[in-house]
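Listed here are the chains, written in short residue letters.
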Amino acid sequence: MRERVRQLQAFDCIRFAQKANSNIHVLRILRAMDVLVDAVSLGEIERALRAGYVPGTAAHEIVFTADVIDDATLARVVELGIPVNCGSCDMLVQLGKVARGHPVWLRINPGFGHGHNRKTNTGGPSSKHGIWHEELEDALRLVDAHGLRLIGLHMHIGSGVDYTHLHRVCDSMLDAVRRLDRPIEAISAGGGLSVPYRSGEPEVDTGQYYAVWNEARLEVERIVGNKVRLEIEPGRFLMANAGLLIAEIRAVKKVADNHFVLLDAGFNDLARPVIYGSHHDICFLTPTGSAVTGPVRSVAVAGPLCEAGDVFTQHDGGYVAFRELPLPQVSDLAIVRDVGAYGATMSSNYNSRPLVPEIMLDDGRLTVIRKRQSIEQLLDLEAKGESF
Ligand code: LLP
């Protein structure tokens, strides 16, 4: 995590998209490194506060980014003076009605996008996200009509992007800035930076990435005539490679010519392979921590859920894939790599399985940073049926 933050230090502001990993202890470490934070729900705002982020300051430590806002969240951002990055014109109206002068960003859908999967592409005509680029003038009229204070423009075209779109996004940002009739204090490049999930996959050249955005920022400064802060909003980049899922092997089956290794963790614990067909490297260890060896077999690694798709080894398209791996035994461990982003935050209680504990390894120290959820806690929510 710390090394990843250092790689982006050239940006004026790194704003962590905490949806990737919103554990309060993770947020505390990032805050200590001057990383600011993005929140997309009331829960994420409260997490940021609990981690020590201070709202309503000139530094805008917390920003709320969404396409919709509910009444409870609206009241809280107004109370705390948290800037709102608006992804719809309706949000501008709802905010403007209760809080004239409130600071806002406009999130623009530039008309194209990209992602490691269609479901993580957040630009173009099939995306629900952001204000469509042709609607910018309408959004500005609403900003003025409600006396809102425009801080900046934001573009996030997707997650796990391939950078061939980089210049195009910068050009779209410049086009939008030229259509503004006012100064702004910041622009945001959004998130999206990719990380290697397979050994040998290249790392993004963050120096080059910054150079392109910085050039755009300088042009923005020429257009608006003042200094402009350049923000970046990574989630995956800071966290993905920092997390492992450790599970125990509970069964090893031969099925025709293949083998299924069944773990005590399922897609309720790690959803990415099932949702996107995402690849995560997996290796097996004995209970004492040495690598499982022996001849390789055709192996699928699967979970305990009552769903045929509960398989961690998937093809890109999202279906059971077999990998060449040595065969482990019951009680050995499976290590699923690179789950630090969108691992715990996307977990669920499906099949009434409690959330697993999270453990941080920092400087040789192990700390439980989220306790194991108990079955009582799960059932408590339903304990008393309340008539109304
Ligand atoms: N900013 C906004 C407005 C976003 O919606 C996102 C991610 C980010 C920043 C951070 O994107 P990142 O740097 O992590 O690519 N569950 C999917 C990823 C969904 C991303 C949602 N939005 C996955 O596991 O791949």
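Residues numbered from 1 in each chain as written. Predicted model: local features only at pLDDT ≥ 70, side-chain atom pairs only at ≥ 80, totals over all residues.

Another aspect to go through is the overall build of the chain. Across its full length, the chain holds 11 helices and 17 strands. For 388 residues, the compact-globule estimate of 2.2 N^0.38 gives 21 Å, and the C-alpha radius of gyration of the chain, at 23 Å, lies within 12% of that figure. Based on the C-alpha atoms only, the size of the chain along its principal axes is roughly 65 × 55 × 40 Å. When each of the 388 residues of the chain is scored for burial, the buried share is 42%. Look at the contacts in the chain between residues 6 or more apart in sequence, and 68% of them connect residues 24 or more apart. (Helix = DSSP H or I, 4+ residues; strand = E, 2+ residues; numbered from the N terminus. Rg over C-alpha atoms; globule rule 2.2 N^0.38 Å. Buried ≥ 20, exposed ≤ 12 C-beta atoms within 10 Å, placed from the backbone. Contact = placed C-beta atoms within 7 Å.)

This part covers the pairing of strand β12 (residues 282–285). Residues Ile282 and Phe284 point to one face of β12 and are all buried, whereas Cys283 and Leu285, pointing to the other face, are not buried. Here 4 bridges tie β12 to strand β15 (residues 333–337), and the two strands are oriented antiparallel to one another. Considered in β15, the bridge of Ile282 is made with Val336. (Pairing = 2+ DSSP bridges.)

It is worth spelling out helix α5 (residues 89–98) at this point. If you check which residues of α5 are buried, you get Met91, Leu92, Leu95 and Gly96. In an axial view of α5, the angular spread of the buried residues amounts to 125°, which keeps them on one side of the axis. Of the surrounding secondary structure, the elements contacted by the buried residues of α5 are α4 (71–80), β4 (84–86), β5 (103–109) and α6 (136–145). (Arc of directions from axis to C-beta.)

On to the site of the ligand. The ligand sits among 22 residues. The nearest are Ala17, Ser159, Gly191, Gly235 and Tyr342. The class makeup of the residues in the shell around the ligand is 8 nonpolar, 10 polar and 4 charged. (Near = placed C-beta within 6 Å. Nonpolar A, V, L, I, M, F, W, Y, C, P; charged D, E, K, R; others polar.)

The next point concerns the domain arrangement of the chain. Here the chain is partitioned into domain 1 (2–240) and domain 2 (243–378). The straight-line distance from the C-alpha centre of domain 1 to that of domain 2 is 32 Å. At the junction of the two partners, domain 1 supplies 16 residues and domain 2 supplies 16 residues. Tallied by class, residues from the side of domain 1 that touches domain 2 come to 4 nonpolar, 8 polar and 4 charged. (Domains from an automatic or database assignment.)

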